[in-house]
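Remarks on the overall topology
What follows is the residue order along each chain.
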Amino acid sequence: MNKYAVFHRPESSYAYAVQSDRLKIVLRLAATDKIDAVELLYNNKYDFTKKRFISPMRRQASDGIFAYYASEISLPDARFAYIFKITEEGKVYYYSEEGLSEKYEFDLAYYTFFQFPFINASDVMSVVEWAHDAVFYQIFIDRFARGDYGKDDSYINTPWNGEIDRHSFTGGDLDGITSKLSYLSDMGVTALYLTPIFLSETNHKYNVIDYTQVDPHFGDSEKLKRLLDSAHERNMKVVIDTVFNHCDAKHTFFRDVSKRGRESKYYDWFFIDGDRPDPAQGNYARFADCKYMPKWNTNNPEVRRYLIDIALGYLRLGFDGLRLDVADEISHEMWRQLRREVKREFPNALLIGEIWHLSEHWLRGDQFDGVMNYKLQKILCDYFGAALIKAESAADRMNALLFANTSQANAMALNFLDNHDTPRFLRVSGGNTDKLVCALLAMVIFPGMPCVFYGTELPLDGAGDPDCRKPFDWTFQNQSEEYKQNFRAILGLKKQAALAGVNAEISAEKGILKIIREADGECLTAYFNTSGKAKTVNAEGEILFAFNYKNNTVLNNGTVVVKNKKGKI
């Protein structure tokens, strides 16, 4: 046995409460070890030395290097102690806090067993009720639709179908979104993710001047209320992008510091090197290298109070959640305090952090519900879009991603193919819409909340910012009927009971990627082929969706989804 691969850590993604009386336990071993059995020996921590119960652990996944064995235990007593018994080619090993051994002293186990001392209900991370069947649609507001033709549009400098650049304004607004809610609902969208809407001088509004005033480019408070009410009438949730890492240099507080320097009561609300901020020198912390975006000092309790009050104000307006911009550069204390106060008043508000890299530090139940799933996006682009990896590598990376976090955090991850900060998937795929169909399906099938970037249903093409932010083409002149129907059918799959939970099993064999989802006694299996050759699969059951598929054969850039009642996970 490769003893260097053996790993477990209590109160982490390897041992966590999924309910107040239920634990998930994971043990990591080397993928190449010839394991006969893995068993969890457990009991109340006060009775463990006298008697142990046994739960078999199933090899649930492999990432190519490690294998993950998992078991969920319902507890009659929340005070839990356990060790692992591993049998490899007939030889028995025990794994405890002391490491791997061939013998174990059960009489002295209270020194060395792993434990989950007590499951406190307030520490159990719950899944927001509406997250399980959410289908998101991200809208970059200036580019989606214009509905108010009576507003002052002197700011518009680019025709709707014109060539855009970073400084283009094309006229999209809140009324435009409201006018398209029926269209979005009919397409299968159940939740909106809106980029910022508050006062700013840019088209993207990520540099906020006033957090309480709706930007007149987009509308006013009445138009916002109309949008929220209209969305809720359709049982559609609305999440707003909030920018608490930085503001605009024209924000009242930063202007006061610029004028009064150290005499300003807001001096410590920012990170300033010197007596006062100097835009020429850039002697203050900021977003990226944007001197017009000074960074808030969220180590300051007064700053946290100011920003958290703004967040609570948005939820009181009727927003159903917050997408938190540049979340990894803000203090953990800010997010812990924000979560406590938000969840106290709005327990079903969704908190999504913008984290591009490893995110487990923010997903322990004390900060975010989920994150923008850039890790999954990269896998889908590499496998389906750019064909940089094969099915086996895609499966390995997907499994590693799932086991990096808890099942609750996986259920609330925001899955996407592209967004306002990345090239469109169609550009990654070289314009190949067959690849786009397959990637869309994988995004919906994978645990989490799928999120479509506006215009993907056309589909829109585009390189990075600003090209990915082109206006929506409401003439639909380049949308084929086949693509439209496939797009809607894929979003409709989210209604399947098997996709409501988080159980997933991902594997690859002979060039076919296979994703199995199961919940409520229903099993759904999706097969994907990007190998360049036709592949035969054993697709038993009711076919829910098929693309480039004939008679148990998945053609290149093809997929098939089948449903049956047999439990496989």
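Look up: the structure comes first, before these words.
To start, this report covers the structure provided alongside it. The structure displayed is predicted, hence computed values, not measured ones.

**Regarding the pairing of strand β19 (residues 449-453)**
Of all five residues in β19, five are buried; the element is thus mostly enclosed. Taking every second residue as pointing to the same face, both faces of β19 are buried, with Met449, Cys451 and Phe453 on one and Pro450 and Val452 on the other. In the sheet, strand β10 (residues 136-139) pairs with β19 via three bridges, with the strands oriented parallel. Across the sheet, the residue bridging to Phe136 is Cys451, located in β19. The pairing of strand β18 (residues 414-416) with β19 spans three bridges and is classified as parallel. Its bridge partner being in β19, Leu414 is matched across the sheet by Met449.

**Describing empty space enclosed by the protein**
Inspection of every chain in the model, using the stated rule, returns five cavities of 30 Å³ or more. Volume-wise, the largest cavity comes out at about 180 Å³. Lining the largest cavity are 18 residues, and of these Lys24, Gln60, Leu402, Asn410 and Val502 lie nearest its centre. Elements with a minimum of two residues in the lining of the largest cavity: β2 (22-30), β4 (53-62), α9 (391-402) and α10 (407-411).

**Observations regarding the sheet that holds strand β15 (residues 321-324)**
The pairing of strands in a sheet happens through backbone hydrogen bonds and is either parallel or antiparallel. Strand order across the open sheet formed by eight strands is β17-β16-β15-β14-β11-β10-β19-β18, with parallel pairing between neighbours. Every other strand in the sheet has two partners, leaving β17 (370-371) and β18 as the edge strands with one partner each. In terms of strand pairing, β15 meets strand β16 (residues 350-353) through four bridges, oriented parallel. When the sheet's bridge partners are listed, Gly321 is paired in β16 with Leu350.

Conventions adopted
- Residues numbered from 1 in each chain as written.
- Predicted model: local features only at pLDDT ≥ 70, side-chain atom pairs only at ≥ 80, totals over all residues.
- Heavy atoms only, no water.
- Buried < 20%, exposed > 50% of the residue type's maximum accessible area, 1.4 Å probe, protein only.
- Helix = DSSP H or I, 4+ residues; strand = E, 2+ residues; numbered from the N terminus.
- Pairing = 2+ DSSP bridges.
- 1 Å grid on protein atoms, 1.4 Å probe; cavity = no way out; pocket = protein on both sides within 12 Å on 5 of 7 lines; lining within 4 Å.
- Points joined across faces, edges and corners; volume = space filled by probe spheres on them.

Function cannot be read off these values alone, since they describe shape.
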